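Listed below are the residues making up each chain.
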Amino acid sequence: MPGFLPAVTCTSEINDSTSPVTITPQDPIVNVMAQLTDANKYLANVVKFIPAQAEVAMGSIAELIGAVNGNAPFTPCLSFSWD
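Within every chain, residues take consecutive numbers counted from 1 along the sequence as written. Local features in a predicted model are, by the rule used here, given only for residues with pLDDT of at least 70; side-chain atom pairs are given and counted only at 80 or more, and totals for whole chains, interfaces and linings are based on all residues. Computation of side-chain values: all heavy atoms of the structure, hydrogens and water removed.

Turning next to the overall build of the chain. In DSSP terms, a helix is any run of H or I states spanning at least four residues, a strand is any run of E spanning at least two, and both are numbered starting from the N terminus. Along its length, the chain carries 2 helices and 0 strands. Burial statistics for the chain: of 83 residues in total, 5% are counted as buried. Element-wise, carbon and sulfur atoms account for 60% of the exposed surface of the chain, whose accessible area totals about 7300 Å². Only protein chains enter the area calculation, which uses a 1.4 Å probe; residues under 20% of their type maximum are buried, those over 50% are exposed, and those in between are partly exposed. Surface exposure here means Shrake-Rupley accessible area, sampled with a 1.4 Å probe, where a residue is shielded only by the protein chains that are shown.

This is the structure in structure tokens:
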């Protein structure tokens, strides 16, 4: 399955006595990567749609946009690269 990270399925290790484990990433970049990966897997598995690869701005460009819009998430949907 296409995605940002390799998918690993361990169904042989999951049964009725398996308890869920909650992982709370503390690093903002890891948190964003987890959200992007989860969204990609949801679209692929549930919606049956493989989105084009996203480009996520970080650093000074992202901080500038955040300073202007009150640190709200911003998705410009433009067709150019920040490179």
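The grouping of Ile29, Val32, Val56 and Met58 at the surface amounts to a nonpolar patch, some 360 Å² of accessible area in total. As for its placement among the helices and strands, Ile29 is situated in helix 1 (residues 28-47). Patches here: salt-bridge-free residues with over 30% relative accessible area, like charges joined within 9 Å, nonpolar side chains (Val, Leu, Ile, Met, Phe, Trp, Tyr) joined within 5 Å. The working definition used for a salt bridge is a side-chain nitrogen of Lys or Arg within 4 Å of a carboxyl oxygen of Asp or Glu.

Another aspect to go through is helix 1. In a helix, the anticipated span is given by 1.5 Å times the number of residues less one. The end-to-end C-alpha separation of helix 1 is 27 Å, in line with the 28 Å expected for 20 residues at 1.5 Å each. Listed as buried for helix 1 are Thr37, Asn40 and Ala44. Down the axis of helix 1, the sector holding all buried residues measures 65 degrees, keeping them to one side. In this structure, helix 1 carries Pro28, Asp38 and Val46 as exposed residues pointing more than 90 degrees from its buried face. It is the directions from the helix axis to the C-beta atoms that the arc portrays.

For the rest of this paragraph, the subject is unusual backbone geometry. With phi around 60 degrees, Lys48 is a residue other than glycine that occupies positive phi space. Within the fold, Lys48 resides in the loop between helix 1 and helix 2 (60-68). Note on Lys48: relative accessible area 67%, which makes it exposed.

The values are spatial; any link to function lies outside them.
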